[in-house]
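Residue-level listing of the chains:
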Amino acid sequence: MYSVPAIAIRQLLVSGGSTMAAAEVARQMSEGARNLSLSGHVGFDSMPDQLVNKSVCQGFCFNILCVGETGLGKSTLMDTLFNTRFEGDPAAHNQPGVHIKSNNYELQESNVRLKLSIVNSVGFGDQINKEESYKSIVEFIDAQFEAYLQEELKIKRTLHNYHDSRIHVCLYFIAPTGHSLKSLDLVTMKKLDSKVNIIPIIAKADSISKNELQKFKIKIMSELVSNGVQIYQFPTDDETVAEINGTMNAHLPFAVVGSTEEIKIGNKMMKARQYPWGTVQVENESHCDFVKLREMLIRVNMEDLREQTHTRHYELYRRCKLEEMGFKDTDPDNKPFSLQETYEAKRNEFLGELQKKEEEMRQMFVMRVKEKESELKEAEKELHDKFDRLKKLHQDEKKKLEDKKKSLDDEINAFKQRKTAAELLQSQAQQSGSQQTLKREKERKNSGFL
């Protein structure tokens, strides 16, 4: 994707479409072929122009990752670099963790369109425990590689209009302490150097003196080398930019100052920062390295950064992922590796594992069924025992109730008999009393007659 066309575009953009660049492209395209002389003009020398026209029509994309502690001026520098104002609110220092915030923009300069993505690591360095601050950044970069790989592995690919979200450059902002790199900076850059092009920059460089700044640069580069951190080196293999890139490699890390405020200096309006003791001009190379950063990042090496991302970092990720899946270029006998054979082997391996898992699941199912049957039998036995106990208890209770009912019936009958006898005696007593009364009345009447 980025091979000969990418080199042609980069060379033509730098050299303005010169014949030297066209000859270089022709040389690279003709390696391994016989050289023949033409007897007349054919017209394929317009290929570089065709590539440029096609690329301009399609537009370009560029993705920048800004990593650094909160308050180092990452957003301000992005506004200054692209001479515009991107939206965004300042982040607070109370973030519970590091999270990635990505913003996409479409810019146009002359007739060239650029899809720009600015990715910011919000909350980086704000936690008490900074041990895993880099993890979310690494995961985000890998996620973009994985998305591109999945698109690449599709049967029907649309890479020509696919929005490439892979990070092309990481601007690592270093606090202007003047002493040495923090452990967080070294650990994070070490984790990122195999995944992204790192350009270290010293933020807010106007806060330390010139002598301290120079010593700080030397100290930073020494620590990066001693800790094995690989930062992006501007390429010197292209003779059109070899001299400027070689010179700028010696100026790393860039000490930058950002500002969107324009101040009138002389007869010109210039971006600057005004202090009680003086004014720092952003685009004055004797004040800071902002112009150097802009030249190297955008005007000279933007295409190389895109190419390095694809040919180095993405290819490393792709190779590791495919090797994890069992794909290799050669077999143990150093013979070409067949994709069909690899597919069949992986398919058979997958089917074998699937059958093995199916057998394990079947055995587990049978075991579970047996366990369940045993549990159900135990539960059924317990229910039968409980039913028998309840049935016996019911019979005992029923017998007790019947005995009690019989006893009560006997008591009722005895009570009725006693009641009848009492009523009989009472009636006899009443009859006897009434007879005696009649007798006395009769005797009283007889005595009255006498």
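Please refer to the structure placed before this passage.
Just so it is clear, the model here is predicted, and its values are computed rather than measured.

Reading guide: rules and limits
Residues numbered from 1 in each chain as written. Predicted model: local features only at pLDDT ≥ 70, side-chain atom pairs only at ≥ 80, totals over all residues. Heavy atoms only, no water. Helix = DSSP H or I, 4+ residues; strand = E, 2+ residues; numbered from the N terminus. Buried < 20%, exposed > 50% of the residue type's maximum accessible area, 1.4 Å probe, protein only. Contact = heavy atoms within 4.5 Å. Areas by Shrake-Rupley, 256 points an atom, 1.4 Å probe, with all protein chains shown as cover. Phe/Tyr/Trp six-rings, centres within 6.5 Å; stacked < 30°, edge-to-face > 60°. Lys NZ or Arg CZ within 6 Å of the ring centre and 35° of its normal. Salt bridge = Lys/Arg side-chain N within 4 Å of Asp/Glu carboxyl O. Pairing = 2+ DSSP bridges. Axes fitted to C-alpha atoms, helices over the stretch in contact; angles between N-to-C directions. Core = buried A, V, L, I, M, F, W, Y, C linked by side-chain atoms within 4.5 Å. Parallel < 35°, antiparallel > 145°, perpendicular 65-115°, else oblique. Left-handed = near helix turned anticlockwise from the far one by under 90°. Nonpolar A, V, L, I, M, F, W, Y, C, P; charged D, E, K, R; others polar. Patch = residues over 30% accessible without salt bridge, like charges linked within 9 Å, V, L, I, M, F, W, Y side chains within 5 Å. Right-handed = clockwise from strand over helix to strand, strands pointing away.

> Please clarify how the overall build of the chain should be interpreted in this entry.
From N to C terminus, the chain includes 11 helices and nine strands. The 450 residues of the chain split such that 34% are buried. In the chain, once contacts between residues fewer than 6 apart in sequence are set aside, the share between residues at least 24 apart is 68%. Looking at the chain as shown, the accessible area adds up to about 29,700 Å², and 52% of this sits on carbon and sulfur atoms.

> Which parts of the structure should I look at to understand the packing of aromatic side chains?
For any pair of aromatic rings, the description rests on two quantities: the centre-to-centre distance and the angle between the ring planes. Taken as a whole and judged by the stated rule, the model has 10 aromatic pairs. Aromatic side chains F82 and F86 sit 6.2 Å apart centroid to centroid with 70 degrees between the ring planes, which places their arrangement in the edge-to-face category. Note on F86: relative accessible area 11%, which makes it buried. Here Y275 and W277 contribute two aromatic rings whose centre-to-centre distance is 4.9 Å and whose plane-to-plane angle is 5 degrees, an arrangement assigned as stacked. For W277, a relative accessible area of 60% translates into the label exposed. Through a chain of ring-to-ring contacts, three or more aromatic side chains come together here, namely F145, Y148, Y162, Y314 and Y317. Sitting over the face of the ring of Y148, R166 holds its NZ or CZ atom 3.7 Å from the ring centroid. Over the ring of Y314 we find R166, and its NZ or CZ is 4.9 Å from the ring centre.

> Hey, could you run me through the pattern of salt bridges in this one?
Close approach of charged atoms allows side chains of opposite charge to pair. A full pass over the atoms with the stated rule returns 18 salt bridges. Among the salt bridges present, the one from R318 reaches E152, with a minimum N-O distance of 3.2 Å. Note that R318 is positioned in helix α10 (residues 302-324) and E152 in helix α5 (residues 135-152), a separation of 166 residues in sequence. Judged by relative accessible area, R318 falls into the partly exposed class, the value being 27%. Among the ionic pairs, K271 bridges to E262, the shortest N-O distance being 3.8 Å.

> When you look at the sheet that holds strand β7 (residues 262-265) in this model, what are you seeing that I'm missing?
Whenever strands of a sheet pair, they do so through backbone hydrogen bonds, lying parallel or antiparallel. Taken in spatial order, the three strands of this open sheet run β7-β8-β9, and their pairing is antiparallel. Since the sheet does not close on itself, it has two edges, and those belong to β7 and β9 (278-281), each with one partner. Direction aside, the axes of adjacent strands within the sheet are offset by 65 degrees on average. The sheet contact formed by β7 and strand β8 (residues 268-275) spans four bridges and is antiparallel.

> So what exactly am I meant to see when it comes to the nonpolar core here?
Considering soluble globular proteins, one finds that nonpolar side chains tend to be buried as a cluster. Ranked by size, the top nonpolar core spans 75 residues in total, and within it L171, I199 and F254 carry the most contacts. Here this core gets seven residues from one element, more than from any other, and that element is α5. If sequence neighbours within four positions are ignored, I199 has contacts with V169, C170, L171, Y172, Y232, F234, L252, F254, L293 and L297.

> I keep staring at the sheet that holds strand β6 (residues 254-255) and nothing clicks. Help me out?
Read from one edge to the other, the open sheet built from six strands follows the order β2-β3-β1-β4-β5-β6, with strand pairing classed as mixed. Edge positions in the sheet fall to β2 (99-109) and β6, since each has one partner strand and no second. As paired elements, strand β5 (residues 198-202) and β6 share two bridges and run parallel to each other. By the bridge assignment, I201 is partnered in β6 with F254.

> I keep staring at helix α4 (residues 74-81) and nothing clicks. Help me out?
Turn by turn, an α-helix covers 3.6 residues, leaving residues three or four places apart pointing in a common direction. Judged by how many residues are buried, α4 sits mostly within the fold: six of eight residues are covered. Where α4 is buried, its residues contact β1 (60-67), β3 (112-122), β4 (169-174), β5, β8 and α9 (290-300). Just beyond α4, the residue with positive phi is N83, at close to 55 degrees.

> Explain the packing of helix α8 (residues 242-249) against α9 here, please?
Helix-helix packing: each pair is described by the crossing angle between the helix axes and the interaxial distance. It is the contact of α8 with α9, at a shortest axis distance of 11 Å, that shows an interaxial angle of 135 degrees. One finds that α8 runs oblique with respect to α9. Read as a crossing pair, α8 and α9 show a hand that is left-handed. Along the contact surface, α8 presents I244, N245 and M248, while α9 presents K292, M296 and V300. Class assignment for the residues of the contact of α8 with α9 results in four nonpolar, one polar and one charged.

> Any chance you could explain a nonpolar patch on the surface here in plain terms?
Together, L38, V42, F44 and M47 line one region of the surface with nonpolar side chains, adding up to about 410 Å² of accessible area. Among the secondary structure elements, V42 is positioned in the loop between α2 (19-29) and α3 (47-58). Since its relative accessible area comes to 58%, V42 is described here as exposed.

> What is the right way to look at the pairing of β4 in this model?
Taken residue by residue, a regular strand's side chains alternate between the two faces of the sheet. Among the six residues of β4, six are classified as buried, and the element is accordingly described as predominantly covered. Neither face of β4 is left uncovered, since the one carrying V169, L171 and F173 and the one carrying C170, Y172 and I174 both have all their residues buried. Judged from the four bridges that link them, β1 and β4 form a sheet pairing that is parallel. Paired with I64 across the strands is V169, a residue of β4. Where β4 meets β5, five bridges bridge the pair, whose relative direction is parallel. In the strand pairing of β5, I174 is matched with I202. Tracing the backbone out of β4, into helix α6 (residues 183-192) and back to the parallel element β5 gives a crossover that is right-handed.

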